[in-house]
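This is what each chain is made of:
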Amino acid sequence: MIKIAGFIDHTNLKPAATVQDIEALCREAVEWRFRTVCVNSANVQIASKLLSGTGVGVCSVVGFPLGASLSEAKIYEAVKAHDAGASEIDMVLNIAWLKQGYCDWVEKEIRSLVRAVPDCTVKVILETCLLDDVQKRQGCAIIKSAGAHFAKTSTGFSSTGATVEDIKLMRDALGPDFGVKASGGIRDYETAAAMIQAGANRLGTSNSVAICKYTEDIC
């Protein structure tokens, strides 16, 4: 069995997530020793206060879920999230720019955001279900060149989420040492383990407790 808890960004990105929901998310993250909680930027401050001194980090999404915000808005959101306590930023790249081949624009946006939050681990969301394989590889190359730290599959808000095939493609495109995050549709231990075996070194899921409890129940 793979010990999965340390791979997990424990996630609640629901638009109606309440303070009580974020408090519960943080309690679970501390209990199970997840890597981070992943929340919308408006919830970073409360999560950061609750998790101070626990060893569990706070990850904020930026430009979520469409990636179509102004670059300046994404950068501002990232900076404010960092100031509120986020140590990791999951930004959605401009999907339309990538699909249209405006690779210089995509790289400039990512690079500018990375430079604006130099203390943060930056993960860039491709939304792989909207791209063909050539575009996925182009996106991975841009993310790496722009100085980000991870490429991430999905927001979980589009038509499908992570697939083993996409993780293998991303790992091949990025090489052995770059971060790859699988997110979207990871609801059970078997799927989580398959993503890790395919090359993911981070997982985003809101089903974290059920996934990790499964390993305890069968051991």
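Use the structure listed above.
Computed from a predicted structure; not experimentally measured.

Rules behind the numbers
- Residues numbered from 1 in each chain as written.
- Predicted model: local features only at pLDDT ≥ 70, side-chain atom pairs only at ≥ 80, totals over all residues.
- Heavy atoms only, no water.
- Buried < 20%, exposed > 50% of the residue type's maximum accessible area, 1.4 Å probe, protein only.
- Helix = DSSP H or I, 4+ residues; strand = E, 2+ residues; numbered from the N terminus.
- Pairing = 2+ DSSP bridges.
- Right-handed = clockwise from strand over helix to strand, strands pointing away.
- Salt bridge = Lys/Arg side-chain N within 4 Å of Asp/Glu carboxyl O.
- Expected span 1.5 Å × (residues − 1).
- Arc of directions from axis to C-beta.
- Contact = heavy atoms within 4.5 Å.

1. Re the pairing of strand β3 (residues 57-62)
Logical step 1: Extensive coverage of β3 is indicated by the burial of six of its six residues.
Logical step 2: Neither face of β3 is exposed, since Gly57, Cys59 and Val61 on one face and Val58, Ser60 and Val62 on the opposite face are all buried.
Logical step 3: In this sheet, β3 lies alongside strand β2 (residues 36-39) in parallel orientation, the contact comprising four bridges. Along β3, the bridge assignment pairs Val39 with Ser60.
Logical step 4: The parallel pair β2 and β3, bridged by helix α2 (residues 44-51), forms a crossover whose chirality is right-handed.
Logical step 5: Sheet topology places β3 next to strand β4 (residues 88-92); four bridges connect them, and they run parallel.

2. Details of the pairing of strand β8 (residues 202-205)
Logical step 1: Every second residue of β8 is oriented toward a common face, with Arg202 and Gly204 on one face and Leu203 and Thr205 on the other, all of them buried.
Logical step 2: Alignment of strand β7 (residues 179-183) against β8, held across three bridges, turns out to be parallel. In the strand pairing of β8, Ser183 is matched with Gly204.
Logical step 3: Viewed along the sheet, the connection from β7 through helix α8 (residues 189-198) into β8 turns out right-handed.

3. What about the pattern of salt bridges?
Logical step 1: Taken as a whole and assessed by the stated rule, the structure comprises 13 salt bridges.
Logical step 2: For Arg202, the salt bridge identified is with Asp9, shortest N-O distance 2.9 Å. Remark: Asp9 occurs in strand β1 (residues 8-12) and Arg202 occurs in strand β8; sequence separation between them is 193 residues.
Logical step 3: For Lys136, the salt bridge is made with Asp133, and the minimal N-O distance between the two is 3.3 Å. Linking Lys136 with Asp133, this pair stays in helix α6 (residues 133-145), spanning three residues, or about one helical turn.
Logical step 4: Sharing partners across several salt bridges, the network here consists of Asp9, Glu88, Asp90, Lys123, Lys152, Lys181 and Arg202.

4. Overview of the environment of Glu31
Logical step 1: Along the chain, Glu31 falls in helix α1 (residues 19-32).
Logical step 2: Taking relative accessible area as the criterion, Glu31 reaches 61% and is therefore assigned exposed.

5. Considerations on helix α3 (residues 71-84)
Logical step 1: Look at α3: 20 Å from first C-alpha to last across 14 residues, which is about the 20 Å you get at 1.5 Å a residue.
Logical step 2: By the burial criterion, the buried members of α3 are Ser71, Lys74, Ala78 and Ala81. Angularly, the buried residues of α3 cover 95° about the axis, an arc narrow enough to put them on a single face. In α3, the exposed positions that point more than 90 degrees away from the buried face belong to Glu72, Tyr76 and Asp83.
Logical step 3: Where α3 is buried, its residues meet α2, β3, β4, α4 (95-100) and α5 (103-116).
Logical step 4: A positive phi of about 125° marks Gly85, the residue just after α3.

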